[in-house]
Amino acid sequence: MAISQFVMAGILLLVLGLLYLLVASRGRSGTYKLAAGVATAASLLLVWGNLAVGFIGSEDNPMNLLYGAVLAVGFIGAAVARLQPQGMARAMFAAALTQFAVPLVALLIKRPELNMGVLWVIVLNTVFAGLWVAAGWLFRRATTISSGIGRQIA
């Protein structure tokens, strides 16, 4: 691995670590913080995997740039939600749908033969979509936990 790749990995870890701290600091419950951790891990694995080997073909395949849409949907959704749990849940579910749509859009653009490679890409994206859904479910759960705490205090 070249030094530039180590630098890129370090920058990626630093940025996502700071992002996790920013998001997790907004939540009161451990469930919210766990949801932020799952979303951050999904982002890290998505970027790192694409930079290292690429999900669609090799890392040089331009179709891999479509995965930027997944991160954009998640980040924009989080900003619109102002990091509130219910809105964060919606943003993570939207990211999951986007994650699942990326290989389908790539198939429509490139129209490759259906083979085990295409099946592997769909399976891999389903796993990543599952990570986004898990984060969304945890954020939604954090909403019910925080509203339950509010009712107990009142």
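See the structure above.
What comes next concerns the included structure. Everything numeric here is computed off the predicted structure, so don't read it as measured data.

**Quick notes on the packing of helix H1 (residues 3-24) against helix H2 (residues 30-52)**
The interhelical angle for the contact between H1 and H2, taken along N-to-C directions, is 160 degrees, at an axis separation of 9 Å. As the angle between them shows, H1 and H2 are arranged roughly antiparallel. As H1 runs across H2, the sense of the crossing is right-handed. Along its contact with H1, which presents Met 8, Ala 9, Leu 12, Leu 13, Leu 16, Tyr 20, Val 23 and Ala 24, the element H2 presents Tyr 32, Lys 33, Ala 36, Gly 37, Thr 40, Ser 43, Leu 44, Val 47, Trp 48 and Leu 51.

**Comments concerning the environment of Gly 17**
Summarising the element assignment, Gly 17 is placed in helix H1. It is 7.9 Å that separates the C-alpha atoms of Gly 17 and Thr 40, two residues lying 23 residues apart in sequence.

**Some thoughts on H1**
Three or four residues apart is the spacing at which side chains of an α-helix point the same way, because the helix has 3.6 residues per turn. With 22 residues, H1 extends 31 Å between its outermost C-alpha atoms, agreeing within 8% with the 32 Å of an ideal straight helix rising 1.5 Å per residue. Ala 9, Leu 12, Leu 16, Val 23 and Ala 24 are the residues of H1 that are buried. Along the axis of H1, the buried residues cluster in a sector spanning 85 degrees; they form a single face. For H1, the exposed residues set more than 90 degrees away from the buried face come down to Ile 3, Ser 4, Phe 6, Leu 14 and Leu 21. Structurally, H1 contributes buried residues whose contacts are with H2 and helix H4 (85-110).

**Quick notes on unusual backbone geometry**
We note that Arg 82 has phi near 55 degrees; this positive angle belongs to a residue other than glycine. Looking at where Arg 82 falls in the secondary structure, it is placed in the loop between helix H3 (68-81) and H4. Classification of Arg 82 by relative accessible area gives exposed; the value is 65%. Even without glycine at this site, Leu 83 takes up a positive phi of about 60 degrees. Along the chain, Leu 83 turns up in the loop between H3 and H4.

**Looking at the packing of H3 against H4**
Packing of H3 against H4 leaves a shortest axis separation of 8 Å and a crossing angle of 165 degrees. Between H3 and H4, the angle is such that the two are roughly antiparallel. For the crossing formed where H3 meets H4, the hand is right-handed. Facing H3, whose interface residues are Ala 69, Val 70, Val 73, Gly 74, Gly 77, Ala 78 and Ala 81, H4 presents Gly 87, Met 88, Ala 91, Met 92, Ala 94, Ala 95, Thr 98, Gln 99 and Val 102.

What counts as what
- Residues numbered from 1 in each chain as written.
- Predicted model: local features only at pLDDT ≥ 70, side-chain atom pairs only at ≥ 80, totals over all residues.
- Heavy atoms only, no water.
- Axes fitted to C-alpha atoms, helices over the stretch in contact; angles between N-to-C directions.
- Helix = DSSP H or I, 4+ residues; strand = E, 2+ residues; numbered from the N terminus.
- Parallel < 35°, antiparallel > 145°, perpendicular 65-115°, else oblique.
- Left-handed = near helix turned anticlockwise from the far one by under 90°.
- Contact = heavy atoms within 4.5 Å.
- Expected span 1.5 Å × (residues − 1).
- Buried < 20%, exposed > 50% of the residue type's maximum accessible area, 1.4 Å probe, protein only.
- Arc of directions from axis to C-beta.

Just geometry here; none of it tells us what the structure is for.
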